[in-house]
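Chain by chain, the residues run as shown.
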Amino acid sequence: MTLAWLAFVAWSAVSPGYSSYEKANRLFVAQRFQEAFTAVDEALRLDPKLVPALTLKAKMAMAVNRFDVARQSLEQALAVDPRAQYAEFLYGMEAFLTNEMQQALPRFRKARELNPADARAALYLGLTCESLGQTDEALTLYREAARLERVAGKPQSDTLLPGARLLLLLGRLEESEGWSRQALALDPKSRDAQFELARVLLRRGQAGQAAAAGEEALRLAGGTVTDAQIHYLLIRAWQQDGKAERAEHHAQALRALEAR
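In this report, we go over the structure that sits alongside the text. (Residues numbered from 1 in each chain as written. Predicted model: local features only at pLDDT ≥ 70, side-chain atom pairs only at ≥ 80, totals over all residues. Heavy atoms only, no water.)

**Considerations on the nonpolar core**
Next up, step 1: Counting residues in each nonpolar core, the largest one holds 81 residues, and the members touching the most others are Tyr21, Ala53, Leu56, Met60, Phe89, Phe108 and Tyr142.
Next up, step 2: Counting residues per element, this core draws most heavily on helix α4 (residues 51-63), which supplies eight residues.
Next up, step 3: Dropping the residues within four chain positions of it, Tyr142 is found in contact with Leu123, Gly126, Leu127, Glu130, Pro162, Gly163, Leu166 and Trp179. (Core = buried A, V, L, I, M, F, W, Y, C linked by side-chain atoms within 4.5 Å. Buried < 20%, exposed > 50% of the residue type's maximum accessible area, 1.4 Å probe, protein only. Helix = DSSP H or I, 4+ residues; strand = E, 2+ residues; numbered from the N terminus. Contact = heavy atoms within 4.5 Å.)

In structure tokens:
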């Protein structure tokens, strides 16, 4: 058994607040947020040093942009258990989401040290390094995050996309295309992965293929890429492919979006 699991067993055995914590966690998963906050506060009233409850409260607080509450809860959790890896990871997320990258960096590094097998810690440390201009380390961490997910048997398409974007930014187009295609192989319905493939194909001068990938991205739902971003790419792709009428179709669609 892992140390984290042993800690949970110990807390559940001795903490008077553990049952309230479990209730809060169930309510949070069910998206009954107000009831979850009430239950987690009850858990902490019964046991102010219950690390799982402090960590859960921080996660809930970040979900509603109460980063001050999250920070306080995580600092309390880490004061009780400085080796609480998930609390350390969330402490990094609190800084990352508030754009405090210099603070996020050592927190994610420590989370990695506490659990080198955690792909999330590797990924977000990579994102933080990239935001601070440390591109070589970022790429190494993106590769490591993807490797850890494969080892765990749970590879994720979205984990490959930061690497694809960074490689495109660095002009390493063949590698970027490879990462985008790997992401699509994992999730053929990923709008973001399809868009990244379209971007790199356009940069490689393959305008017709880029347009086809962009049209497919537009048909897909979900992801973080907006319709406006895809229409803009398609205008350029169809223009470069000599299809002015199709480019104008997307220009009209883009203008309609902007008018709204």
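**Things to note about the packing of aromatic side chains**
Next up, step 1: Evaluated as defined, the whole model comprises eight aromatic pairs.
Next up, step 2: For the ring pair Phe96 and Tyr124, a centre distance of 5.3 Å and an interplane angle of 90° mean the geometry is edge-to-face. Of this pair, Phe96 sits in helix α6 (residues 85-97) while Tyr124 is found in helix α8 (residues 119-131), placing the two residues 28 residues apart along the sequence.
Next up, step 3: For Phe96, a relative accessible area of 18% corresponds to the buried category.
Next up, step 4: The class of Tyr124 is partly exposed, set by a relative accessible area of 24%.
Next up, step 5: Aromatic rings pair up to connect Tyr86, Phe89, Phe96, Phe108 and Tyr124 into one cluster.
Next up, step 6: Its end group placed over the ring of Tyr91, Arg107 keeps NZ or CZ at 3.5 Å from the ring centre.
Next up, step 7: The lysine or arginine in question, Arg120, covers the ring of Phe89, its NZ or CZ lying 5.1 Å from the ring centre. (Phe/Tyr/Trp six-rings, centres within 6.5 Å; stacked < 30°, edge-to-face > 60°. Lys NZ or Arg CZ within 6 Å of the ring centre and 35° of its normal.)

**Focus on unusual backbone geometry**
Next up, step 1: With phi around 65°, Asn65 is a residue other than glycine that occupies positive phi space.
Next up, step 2: As for its placement among the helices and strands, Asn65 is situated in the loop between α4 and α5 (67-80).
Next up, step 3: In this structure, Asn99 is a non-glycine residue whose phi angle is positive, near 65°.
Next up, step 4: Here Asn99 is to be found in the loop between α6 and α7 (101-114).

These figures come from the coordinates and say nothing about function on their own.
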